[in-house]
Amino acid sequence: MAFREINPKMVEATVMPGQKLFSQRGAMLAYKGEVSFTPNMAGGQGGLLSMIGRRVADEDTPLMTVEGSGTVLFGHGGHHVHVINLAGDTLCVEADRLLAFEGTLQQGTMFLGSQGGVMGMVRGQISGQGLFTTTLKGHGAVAVMAHGGVFEIPITPQRPVHVDPQAYVAHHGDVRNKLSTALGWRDMVGRGSGEAFQLELSGSGAVYVQASEEKL
Amino acid sequence: MGGRRPGGPERASKGAVRGDVHLWELLAAGACGYLRCVAMFRLQGSKVLAVDMTGDAVKAKNGSMVAYDGQMAFKKMSGGGEGLRGMVTRRLTGEQMTVMEVKGHGTCWFADRAAEINLVNLQGDKLYVESSNLLATDAGLRTGTSFTGLRGASQGNGLFTTTVEGHGQAAIVSDGPAVVLRVSPQYPLTVDPGAYVAHQGNLRQSFQSGVTFRTLMGEGGGEAFQIRFEGDGLVYVQPSERNTIAGEV
C-alpha cells in the first residue's frame, strides 16, 4: 500500500528503492528521506511513441518520477484526494485528475471513439473528457483529485448507474459507458431540468463521483 | 442536527456499503405497504445526499443530480408556490428557484458545489430558507415565498425568502458544516446576517443595527447589522459569511 490518506486533501506516499512513483509535477508538498524528483519529459511510461501519442491526445499532464527512499506528501490546489487500489483491472481517468500513481501500473491512452464510434467522441466532448482518456492497468494504487468529496457507486449488470458528466471522476472494471440523453421538448423551449445529458455506465465495476458539478 | 439520520452516524463517504442500501430499500418498501410512499433522505458523507425512491417524487435544485441508479425522470418545475399566484409572486419577488421534480425507482444522489448538507425534519412547522440554500425537499412539502424586509436586504440576498411547510424532510446546503442553535423564550439569539442559513419554528425576528458615530467615520467593527430571533425554534448558522453590506461597515 503505497498511499496513505492523512487528511481528505493530502496523501502520504512511501517510496522504497527500486520502486518508482509518478506524480503530477509540482504536487509534492514535503518529503522525508532521500527522495529525488525528476521531470518526466515523456509524461509517463513507455517510449517515444507513447509520448507522441499522449501529446497528440492532449493527455500529457506534466509528470515527474519520484525515486529514492523515504516518504513524500502530495496534495494539489486544495482538491480532495481519493486513493483507488487496482487489482488487475483498468481505471479510466482524465489525466489532469491524476495526482500520483505507482510505477507498477501500466499507463495508456484510450480513444473514446473506440467505444461507440462517433457517439463516443460526442460523449467525450460533452463530459469534458476530450477525445482521449488515460487508462491505468495492473496492480497498484492511484491517487485522484476531485472537487469536493468522492464517493463510489458499485455497478452491477442488473443495476446500471447514470452519472452527471460534470460530476464524473473515474471508473474501473469492465464497464461500458454511453451517453444517454433525456432531451425532450421541454429542453428545446428552455425549460429543461438541467439534466439533459447523462453518462450511463453498465457492466461490472465501480464509478467514482464527486460531490460537486465543478471541473478541476 | 435537526435532521433524522437513519443508520446512526454519518457513513464514510468512500466505499458505500451496498448492503445498507438494500436494507433501506426493504424498509422503504415496507413503509409503502401501509403508509404513503415517502422518499428516504440520507447523507452519504457530509456533502452528498442520497435519496431512495420507490415510485414517489422529490423536488430538487435544478442540475444538482450527480448520479442515479434505477429509473428516474427529471422534469422542470418553478419554485415560489403553485399556480397562477405562485407565478405572479415569482415574477414580483425575484425569488425564483429553478426546481426539478425527480420521480422514479432507485437511488438518486444530489450534491451542490461541494457544499455541506443538513437534513431538516419538518413536522407541520415552517422552514424559512434562502432559495439558493435549499437543495431538495420531499414532494409532499409545500414551498412558498415570504417577505423579509430589511433583514433580507442585509443578508445580501434580496427582500424575499423561500418557505417550506408540511410533513417530511428537506435538505439545505451551507458553506461549511452548519450549527443548529436553539432559541427559547429565555434565550434570544442574535446572528450575523451573512452567516444565517435558515430557521424553523415559532420565531420572531427583528433587525438590529449597531451603527454608531464610529461606523460612519469608517471605524466600524464590521458587525454593523444583526438579526435577533426571539421565541421558540431552531436557527441554522454556517461557519462562513456571505458578502453583505453589514460586513463592510
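Procedures and definitions
Residues numbered from 1 in each chain as written. Chains lettered and ligands numbered in written order. Predicted model: local features only at pLDDT ≥ 70, side-chain atom pairs only at ≥ 80, totals over all residues. Heavy atoms only, no water. Helix = DSSP H or I, 4+ residues; strand = E, 2+ residues; numbered from the N terminus. Salt bridge = Lys/Arg side-chain N within 4 Å of Asp/Glu carboxyl O. Buried < 20%, exposed > 50% of the residue type's maximum accessible area, 1.4 Å probe, protein only.

- An unreviewed UniProt entry annotates chain A as AIM24 family protein originating from Streptomyces curacoi.

## Here's the deal with unusual backbone geometry
All names here are of chain B.
Here is step 1 of the chain: Despite not being glycine, Arg 113 shows a phi value in the positive range, around 40 degrees.
Here is step 2 of the chain: Secondary-structure assignment places Arg 113 in the loop between strand 4 (98-110) and strand 5 (116-129).
Here is step 3 of the chain: In this structure, Ala 114 takes a positive phi of about 60 degrees despite not being glycine.
Here is step 4 of the chain: Along the polypeptide, Ala 114 turns up in the loop between strand 4 and strand 5.

## Topic: the environment of Asn 177 of chain A
Here is step 1 of the chain: Note that Asn 177 of chain A resides in strand 12 (residues 168-181).
Here is step 2 of the chain: Placed 22 residues apart in sequence, Asn 177 of chain A and Leu 199 of chain A show a C-alpha to C-alpha distance of 6.5 Å.

## Considering the pattern of salt bridges
Once their charged atoms are close, side chains differing in charge can pair, the charge on each being opposite to the other.
Residue and element names in this part refer to chain B.
Here is step 1 of the chain: In the structure shown here, the tally under the stated rule is seven salt bridges over all chains.
Here is step 2 of the chain: Across the pair Asp 112 and Lys 61 runs a salt bridge whose closest N-O atoms are separated by 3.0 Å. Here Asp 112, found in the loop between strand 4 and strand 5, pairs with Lys 61, found in strand 2 (residues 48-61); they are 51 residues apart in sequence, far enough to count as distant. This pair shows no difference in class: Asp 112 is buried, exactly as Lys 61 is.
Here is step 3 of the chain: Linking Arg 228 and Glu 230 is a salt bridge whose minimum nitrogen-to-oxygen distance equals 3.9 Å.

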